[in-house]
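Examination of the molecular architecture
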Amino acid sequence: KLDDHWVATVQAVGSRTRDGDGDDRDGHGVEAILNRSGRHLGVHAHARDYDEDFRADAGFVPRVDQRDLHAVVSWTWWPEGPRLISWKPQVTALRIDDQQGVRLERTGEVKLEFEFRRQTSLSLAYTDRVETLRPEDFPALAAPRDYDTGVSRVEARTAAWPAVEFGVEAAWGDGIQFETVAGRPPEPATVAELELTASLRPVSRLRADLTWLSSRLDDDASGERVLANDIARARIEWQFDRRASLRLIARYDVLDTDARFTDRDSTEDWNTDVLFRYLVNPWTALYVGYNSNETNLEFVEDEFGRRVERTDGLTLRDARQVFVKFSYLFRL
């Protein structure tokens, strides 16, 4: 802790890994973080360096052979008026290079956030990114290739009413299609995403959380649809009394793909999860549950034997389970 606003964190780590031939490979990793928090100015600066021989199989290091530097700077104004409480512009910059100095990613983002009375917020952002993919990342690439993408994003949430909460998040712009037809490299694409959420509490004992996620990916060259994915989820819980409750989770997931552009199969799934809980205390409880899943698969038999194929519609119940769990605390 440098003072009341600034905090610094530094970490250095090394690893030694013996491969199948008995050779030892030594690697290192270094991270340095500088944070500032305050009523107006906010700063986050983060530097990382992991060489290609560093291994952390028992930990979580998603990427090695990189040097990463990113920074986030924001300034908050507090008008604290009858409607607007605060507003904040924010700038983010990021650059990632490999250990040989080849740029892997460059990102810049500008963001504007507003906080209103009655738990209402609005966020506007634009992200510009240049990502470099290499033959070692995707063998279909003959040489490193830059992909320039730009995405706009709008997010709004409100809990202005005691019984209802709403949220909407939309993003659109340029992206990358990673899962192409076998043998083809990733291609530029146009992306569009929409997320709608609602939490309803019409009575004190009932709560319903509803979510709808929609994603679209279009081929940049032809403008034709590559895939469309829609996920609808409902979580409904009824509290009978202080101890007993019943919960239902239902999820419908449909992915429609075009075989001309991607090897991903079209899928459709319907999952249902029901749970009854009787809770005396955290150590003494009874759970009774049921789960099932239906999907667009069917069994097909021919001269080569029995196999499964994708079909249209929910044709196969591929999972069904009933379970009972009881726990009791013996006090000695």
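Up top is the structure these notes are about.
Just so we're clear, the structure is a prediction, and the values are computed from it rather than from any experiment.

**Section: the packing of aromatic side chains**
Each aromatic ring pair is specified by the distance between its two centres and by the angle formed by the two planes. Enumeration over the complete set of coordinates arrives at eight aromatic pairs. Here Y252 and W270 contribute two aromatic rings whose centre-to-centre distance is 6.2 Å and whose plane-to-plane angle is 50 degrees, an arrangement assigned as tilted. On the criterion of sequence distance, the pair formed by Y252 in strand β13 (residues 244-257) and W270 in strand β14 (residues 267-281) is long-range, its members being 18 residues apart. A residue is classified by how much of its surface remains accessible, and W270, at 33% relative accessible area, is partly exposed. On the numbers, 4.9 Å between centres and 75 degrees between planes, the contact of Y328 with F330 is edge-to-face. Overall, Y328 belongs to the partly exposed group, its relative accessible area being 49%. A relative accessible area of 64% means that F330 is categorised as exposed. By way of ring pairs, the aromatic residues W75, W77, W87, F114 and F116 are connected into one cluster. The ring of F299 carries the charged tip of R306 above its face, separated from the ring centre by 4.1 Å.

**A look at the environment of N271**
The topology assignment puts N271 in strand β14. Setting aside anything within four residues of it in sequence, one finds N271 in contact with I249, A250, R251, N291, S292 and N293. Among the polar contacts made by the side chain of N271, one reaches the side chain of N293 at a distance of 3.3 Å.

**Observations concerning the layout of surface pockets**
In this approach, a probe sized like a water molecule rolls over the atoms, and the result shows the empty space that is left. Considering only enclosed or pocket space, the largest pocket measures out at about 320 Å³ in volume. Along the wall of the largest pocket there are 18 residues; nearest its centre are G175, I176, V191, E193 and L217. At the level of elements, β7 (120-133), β8 (145-161), β9 (164-177), β10 (187-200) and β11 (206-219) are the ones that each hand at least two residues to the lining of the largest pocket. Broken down by class, the residue content of the lining of the largest pocket amounts to nine nonpolar, three polar and six charged.

**Things to note about the environment of E109**
Relative to the helices and strands, E109 is located in strand β6 (residues 103-116). E109 gets classed as partly exposed once you look at its relative accessible area, which sits at 21%. In this structure the C-alpha to C-alpha distance between E109 and R129, which are 20 residues apart in sequence, comes to 8.5 Å. With residues near it in sequence (within four places) discarded, E109 still touches Q90, V91, T92, Y126 and T127. At a separation of 2.6 Å, a polar atom in the side chain of E109 contacts the side chain of T127.

**Considerations on the pattern of salt bridges**
Within the structure shown, the criterion is met by 31 salt bridges. In this structure, the salt-bridge partner of K111 is E113, at a minimum N-O distance of 3.2 Å. Given a relative accessible area of 24%, K111 falls into the partly exposed group. With a relative accessible area of 24%, E113 lands in the partly exposed category. Where E301 meets R306, a salt bridge forms, and the shortest distance between an N and an O atom there is 3.6 Å. A relative accessible area of 62% means that E301 is categorised as exposed. Residue R306 is classed as exposed on the basis of its relative accessible area, which comes to 57%.

**A closer look at the environment of R331**
Structurally, R331 is set in the segment after β18 (316-327). Here R331 falls in the exposed class, since its relative accessible area comes to 67%. Sequence-wise, R331 and R48 are 283 residues apart; in three dimensions their C-alpha atoms are separated by 50 Å.

About the thresholds
- Residues numbered from 1 in each chain as written.
- Predicted model: local features only at pLDDT ≥ 70, side-chain atom pairs only at ≥ 80, totals over all residues.
- Heavy atoms only, no water.
- Phe/Tyr/Trp six-rings, centres within 6.5 Å; stacked < 30°, edge-to-face > 60°.
- Helix = DSSP H or I, 4+ residues; strand = E, 2+ residues; numbered from the N terminus.
- Buried < 20%, exposed > 50% of the residue type's maximum accessible area, 1.4 Å probe, protein only.
- Lys NZ or Arg CZ within 6 Å of the ring centre and 35° of its normal.
- Contact = heavy atoms within 4.5 Å.
- Polar contact = N/O pair within 3.5 Å; in protein donor to acceptor, adjacent residues only side chain to side chain.
- 1 Å grid on protein atoms, 1.4 Å probe; cavity = no way out; pocket = protein on both sides within 12 Å on 5 of 7 lines; lining within 4 Å.
- Points joined across faces, edges and corners; volume = space filled by probe spheres on them.
- Nonpolar A, V, L, I, M, F, W, Y, C, P; charged D, E, K, R; others polar.
- Salt bridge = Lys/Arg side-chain N within 4 Å of Asp/Glu carboxyl O.

Geometry only, nothing functional implied.
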